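Fold and contact review
Here is what each chain is made of, one letter per residue.
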Amino acid sequence: MPTPDTFWSYFGATLTYLAVLAIPGGLVGRAAGLRGWALAGLAPLLSYTVTGLAGPWLALAGVSYNPLTVAGVTAVLAGLGFGLRKLGQNRGWIKAGSEEPPTKWHPRAHYAVAACVALAVGISILVVLSARGGTTAVFQRWDTVFHANGIRYIAETGDGSLTGMGTVNWYPDGSFYPNAYHLVGSLVYSISGTTIPVTLNAITMPVAGIFALSMVALIRQLGGRAVFAGCTALVAAAATTGAYESVSSGLLPFALGIVLTPLAVVALARFLARPGLDTGYVLALTAVGLLAAHSSALFGALLFAFPVVVQRWYRALRHKRLDGVPEGRGGWRVIGGDVVKMVPVMVGSALLAAPHILGALKFTSGSYPYYAWGSELPVLKSLALLVTFRQVLSAPQVWLTVLLVIGVLSLFRLGRMRWIGLAALGFSALFVLVASFGAEPWVISLSRPWWNDRYRLMALAAIPLCLLAGHGMAELQRWFAKWASGRSLVKSRPALPARLGLATAVFVVAASAVLTKGFYTESNAHAVSFLYYNGPEGEVTPPVSADELAAMNELTKMNIGPDEKVLNERFDGTAWLYAITGIHPVAGHYDPGVPPPDAKYLALHFRDYDTDPEVRAAVRRLNIKHVLIGSTPIKIGEPPAPGLRDLDGLNFLRKDFGNAGASIYTLTR
C-alpha cells in the first residue's frame, strides 16, 4: 500500500529516532562519568550498545524486546557504570579530570561548533529528503528489504535474537546478523506509529549529522581547535564517500558503523589518559556497540585507532610526555602497561558480546556463500576516486580535494593528531588494493571483513580524509586571521583582534558554502537518490513499484492468517510484502544464497502443482493459499523463476486481482 509521505510523518519519526539515540546512551554515559562533547558524541553509539545487548540477551532469557524492557536494560547498564565509577572514587583509584581534553574552548567556541553540527544535521536531512523518489519513498536497493523486514519482525514478535529476524526469509532457523540497527529501528517504528518505509527514511536522514558529531567529539577529546572541529563537521556533511555513498548502495548498517567509527578513538583516548573502571567500562561498551552495529565496524575502528597507539608508543620510546604516564617511566614499561590494562577491557567486551561473537563464528563456518567482487581499476583511477571523494558520481568534489591537499601539506600543524596522516595512508592503501587488485586471493582474504567491496573501503578511507580536509579548511581560517591581524585597520581598533577568529571562521565557512554550492547538497542528493531507484534516476524502474504496492494493499483485505505464507517471486518487489503489510512471503529477501528447500523447489516447479506431489507437499508445509507476482526485478533483465511464469489460465489457480504490474492468485484446490 502507498506509504504515508508527509512532512509530519517524517518529522515525528525523526524526532523519535533522535530521542532513542540520545536517551539510553546519554543516561549510561553520564552515569559512567562522561560529560560535554564526549557524552554528546558517545551517546548515540552507547544507545546502539544498549539495544544491541538488550535484544540478544533478552531473547536468551525468554523476555520480549520492547521499549519497556529496553528501559530496564538501560537502567542496569547505567547502574553498573555508576557503581563502577563510585567504587573507583571510594577506593581512590580515580583521579577525575585527567581524562578530559587537554585544552579548553571558549564558551563561544562551543556554541559555534554546536551550530556547525546542527547545520550538518540539517544538511544531511535535506539531502535525504531531496533524494526521495516517487510517492512511496520505499528503498529499492538489495539489502534494504532485509533490514525493513527485520525491523518489523522485531517490533511485532519481540524477538531480538541475532537469528530471529532472518526467519522472514531463512525459515525455520533464521540466519545470524548483528542487529543493533534493526533493534533501534523497531523502537522508532513502535513508538512513532509510522510505516516501515517512513521509519527507514527517518533513521537515514540524520546519518551524516551523526558523522559530524562523532568527528567533533574526536577532535575535542584530543585537544584540537574549535575551528578544526566545526570545519570537519561541515566536511563530514559534504563528502559523498563519508556516509551518503554507503546509503545510496543500501548498506544501511554499514553506513551506521562508519559514522560511529571515530568514537572508538574518543573512548580509547580517555582510557589511555586515565585507566580506570569507569573509562574501561565505556571503552568496552564502545567496542560492543560497534560490533553490534556492524561486524566490520569493530575491525575498522581497531584499524583507525591503531595509529593513535603507534604514535603514543613511539613518543614513549622517545621519552616524550604522555597523557596518564608519570615523568620518567620507560617506554617499554609504558607499552607493557597499556597492553596489560587493555586485557580486562577486552575480556569484559567479549563477555558482553558473547552472543555476537559465537554467532559470527558459527556463521563464518556455515554454508552461506562468500562472493568476492574482484575490482580491477587502474591504480591512477583508484587514487583519483579517493582524493575526489566520489565513486557513484561522475563529477569530482573539487573543493574538498583542495581542502584535502591543504590539510596534507599542513599535517605538521596537527600536533598530537598527526596520527591522522598514518590512518589516511593505511586506509587509502587498503582501498587502492581492493579497487585495483581485488581479484588477488591475498587481497580477498585481507579485505574479507568488508566483503572485498571497494565502496565499503572507500567509506572507511573517507574518515581520515575528511579529518584532513577539515584541517585544511581550518588552516585557511588561521591564514586569513594571521593576514588580517597585520592590517592597519585591525591594529587601529582594539576590539577587532578579539573578534577576528570568529569573523574569519564565518568567512571561510560562508566561502566554502558558496564554492561547494551548499556543501554539495544537490550532488549528494543525486547520489542518495540511487537508493530509491536502484540506479540512476529515470533509467531504472523501481523494483517495488506502485502496482506491486497496490497489490500488497489488496492482500490485506483477504483475511490471510498469521501462519500463512504467500508464494512470490524472489527478485521482484513482492519481497517487501512483510515489511509493508505484515503478511509473510515465501521469499523475504532478494538474496538467492541458501534459500529454504521448499522455497527453492516451488520457484522451480510450482506450475506443476497438478502433477507433482512434492509441490503440493511444499504448499501444505508452508500453508500457501495465495500467490503474488510482481513485474519489476531487482536484477535488470532477470526473468521470473520457471515455476512462477505464465500462471494465467492454470486450472488450480483463480486470479483475484491484477493490474499492469502485479497479480494475485488464489489456490482453488
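Placed above this text is the structure.
Right, let's walk through the structure included here. (Residues numbered from 1 in each chain as written. Predicted model: local features only at pLDDT ≥ 70, side-chain atom pairs only at ≥ 80, totals over all residues. Heavy atoms only, no water.)

1. Focus on the nonpolar core
- Trp419 and Trp576 are the most contacted members of the largest nonpolar core, which has 188 residues in total.
- Of the residues forming this core, the biggest block, 13 residues, is contributed by helix α21 (residues 454-485).
- Residue contacts for Trp576: discarding those within four places in its chain leaves Val138, Phe139, Thr144, Val145, Ala148, Asn149, Leu200, Val544, Met552 and Tyr590.
- Listed in part, the 22 residues of the second largest apolar core include Tyr171, Phe606, Val627 and Leu667. (Core = buried A, V, L, I, M, F, W, Y, C linked by side-chain atoms within 4.5 Å. Buried < 20%, exposed > 50% of the residue type's maximum accessible area, 1.4 Å probe, protein only. Helix = DSSP H or I, 4+ residues; strand = E, 2+ residues; numbered from the N terminus. Contact = heavy atoms within 4.5 Å.)

2. Topic: the environment of Ser124
- Along the polypeptide, Ser124 turns up in helix α4 (residues 107-131).
- Overall, Ser124 belongs to the buried group, its relative accessible area being 0%.
- Separated by 283 residues in sequence, Ser124 and Gly407 place their C-alpha atoms 24 Å apart.
- In contact with Ser124, other than residues within four places in its own chain, are Met205, Pro206, Val207, Ala208, Gly209 and Tyr244.

3. A closer look at empty space enclosed by the protein
- Considering all chains together, one arrives at 3 cavities of 30 Å³ or more under this definition.
- Its volume calculated, the largest cavity comes out at about 90 Å³.
- In this structure, the largest cavity is lined by Tyr17, Tyr48, Tyr181, Ile203, Thr204, Val207, Ile210, Val247, Leu252, Ala255 and Leu256.
- Secondary-structure elements contributing two or more residues to the lining of the largest cavity are α7 (196-204), α8 (207-221) and α11 (252-260).
- Looking at which element gives the most residues to the lining of the largest cavity, the answer is α11, with 3 residues. (1 Å grid on protein atoms, 1.4 Å probe; cavity = no way out; pocket = protein on both sides within 12 Å on 5 of 7 lines; lining within 4 Å. Points joined across faces, edges and corners; volume = space filled by probe spheres on them.)

4. What to know about helix α17 (residues 379-387)
- All of the buried residues along α17 are Ser382, Leu385 and Leu386. The buried residues of α17 all sit within an arc of 100 degrees when viewed along its axis, so they share a single face.
- Those residues of α17 hidden inside the fold are in contact with α19 (419-437) and α21.
- The positive-phi residue at the C-terminal boundary of α17 is Phe389, with phi of around 55 degrees. (Arc of directions from axis to C-beta.)

5. Thoughts on the packing of helix α12 (residues 263-273) against helix α14 (residues 295-317)
- Viewed as axis vectors pointing N to C, α12 and α14 meet at an angle of 35 degrees, and their least axial separation amounts to 9 Å. Note that α12 runs across α14; the crossing there is right-handed. Residue-level inspection shows Ala264, Val265, Leu268 and Leu272 of α12 in contact with α14, the latter providing Ala301, Phe304, Ala305, Val308, Val309 and Arg312.
- For the contact of α12 with α14, the residue count by class is 9 nonpolar, no polar and 1 charged. (Axes fitted to C-alpha atoms, helices over the stretch in contact; angles between N-to-C directions. Left-handed = near helix turned anticlockwise from the far one by under 90°. Nonpolar A, V, L, I, M, F, W, Y, C, P; charged D, E, K, R; others polar.)

6. Quick word on the sheet that holds strand β2 (residues 584-585)
- Here 5 strands make up an open sheet; going across it, the order is β2-β1-β3-β5-β4 and the pairing mixed. The strands lining the two open edges of the sheet, one partner per strand, are β2 and β4 (653-658).
- Sheet analysis places strand β3 (residues 624-629) next to strand β5 (residues 663-667), joined by 4 bridges and oriented antiparallel. If you follow Ile629 over to β5, its bridge partner there is Ser663.
- Across the sheet, helix α25 (residues 546-555) touches β1 (565-568), β3, β4 and β5, and the angle it forms with β3 is around 160 degrees. (Pairing = 2+ DSSP bridges.)

7. Re the packing of helix α9 (residues 226-238) against helix α24 (residues 517-533)
- At a minimum axis separation of 8 Å, α9 and α24 run at an interaxial angle of 15 degrees. With respect to α24, the element α9 is oriented roughly parallel. For the crossing formed where α9 meets α24, the hand is left-handed. Here Leu234, Ala237 and Ala238 of α9 lie close against α24, whose contacting residues are Phe519, Tyr520 and Asn524.
- A per-class count over the contact of α9 with α24 returns 5 nonpolar, 1 polar and no charged. (Parallel < 35°, antiparallel > 145°, perpendicular 65-115°, else oblique.)

8. Remarks on the pattern of salt bridges
- Evaluation of the coordinates by the stated rule reveals 15 salt bridges.
- Linking Arg270 and Glu100 is a salt bridge whose minimum nitrogen-to-oxygen distance equals 3.3 Å. Separated by 170 residues along the polypeptide, Arg270 in helix α12 and Glu100 in the loop between α3 (67-90) and α4 bring together distant segments of the chain.
- Relative accessible area serves as the criterion here: at 4%, Arg270 is assigned to the buried category.
- Residue Asp453 is joined to Arg456 by a salt bridge in which the shortest nitrogen-to-oxygen separation is 3.2 Å.
- The structure contains a network of salt bridges with shared partners spanning Arg85, Glu99, Glu100, Arg270, Arg274 and Asp278. (Salt bridge = Lys/Arg side-chain N within 4 Å of Asp/Glu carboxyl O.)

9. Here we look at the environment of Leu252
- Relative to the assigned elements, Leu252 resides in helix α11.
- With 391 residues separating them in the primary sequence, Leu252 and Gly643 have C-alpha atoms 33 Å apart.
- Beyond its immediate sequence surroundings of up to four residues, Leu252 is in contact with Phe139, Thr144, His147, Tyr181, Leu200, Thr204 and Val247.

10. Examining the side chain of Arg456
- You can see Arg456 is positioned in helix α21.
- Apart from the residues within four sequence positions on either side, Arg456 is in contact with Leu251, Phe254, His294, Trp450 and Trp451.

11. Overview of the side chain of Ser248
- Secondary-structure assignment places Ser248 in helix α10 (residues 240-248).
- In this structure the side chain of Ser248 is engaged in a polar contact, spanning 2.8 Å, whose partner is the backbone oxygen of Glu245.
- When residues no more than four places from it in sequence are discounted, the contact partners of Ser248 are Arg141, Val392, Ala527, Val528, Phe530 and Leu531. (Polar contact = N/O pair within 3.5 Å; in protein donor to acceptor, adjacent residues only side chain to side chain.)

12. Quick notes on the pairing of β4
- Note that β4 and β5 share 5 bridges and pair antiparallel. From the neighbouring strand, Lys655 faces β5, where its bridge partner is Tyr665.
- Turn length for the β4-β5 hairpin, with the two strands adjacent in sequence and antiparallel, is 4 residues.

13. As for α24
- For α24, which comprises 17 residues, the first-to-last C-alpha distance of 24 Å matches the rise-based estimate of 24 Å (1.5 Å per residue) to within 8%.
- Helix geometry: α24 is bent most strongly at Asn524, by close to 35 degrees.
- Here α24 lies mainly inside the structure; 12 of its 17 residues are buried. (Expected span 1.5 Å × (residues − 1). Bend = angle between axes of the 7 residues up to and from the residue.)

14. Description of the packing of aromatic side chains
- Throughout the structure, instances matching the rule amount to 11 aromatic pairs.
- Each ring, one from Phe304 and one from Phe427, has its centre 6.3 Å from the other, and the planes form 15 degrees; the classification is stacked. You can see Phe304 sitting in helix α14 and its partner Phe427 sitting in helix α19, a full 123 residues away along the chain.
- Centroid distance Phe606 to Phe652: 5.6 Å. Interplanar angle 80 degrees. Geometry classified as edge-to-face. Of this pair, Phe606 sits in the loop between α27 (597-605) and α28 (613-622) while Phe652 sits in the loop between β3 and β4, and the two are 46 residues apart along the sequence. Note on accessibility: Phe606 and Phe652 belong to one class, buried.
- Pairwise contacts between aromatic rings join Trp142, Phe571 and Tyr590 into one cluster.
- Lying over the aromatic face of Phe254, Arg456 brings its terminal NZ or CZ to 5.5 Å of the ring centre.
- Its guanidinium or amino end placed over the ring of Tyr171, Lys565 lies 4.2 Å from that ring's centre, counting from NZ or CZ. (Phe/Tyr/Trp six-rings, centres within 6.5 Å; stacked < 30°, edge-to-face > 60°. Lys NZ or Arg CZ within 6 Å of the ring centre and 35° of its normal.)

Remember, this is a structural readout, not a statement about activity or role.
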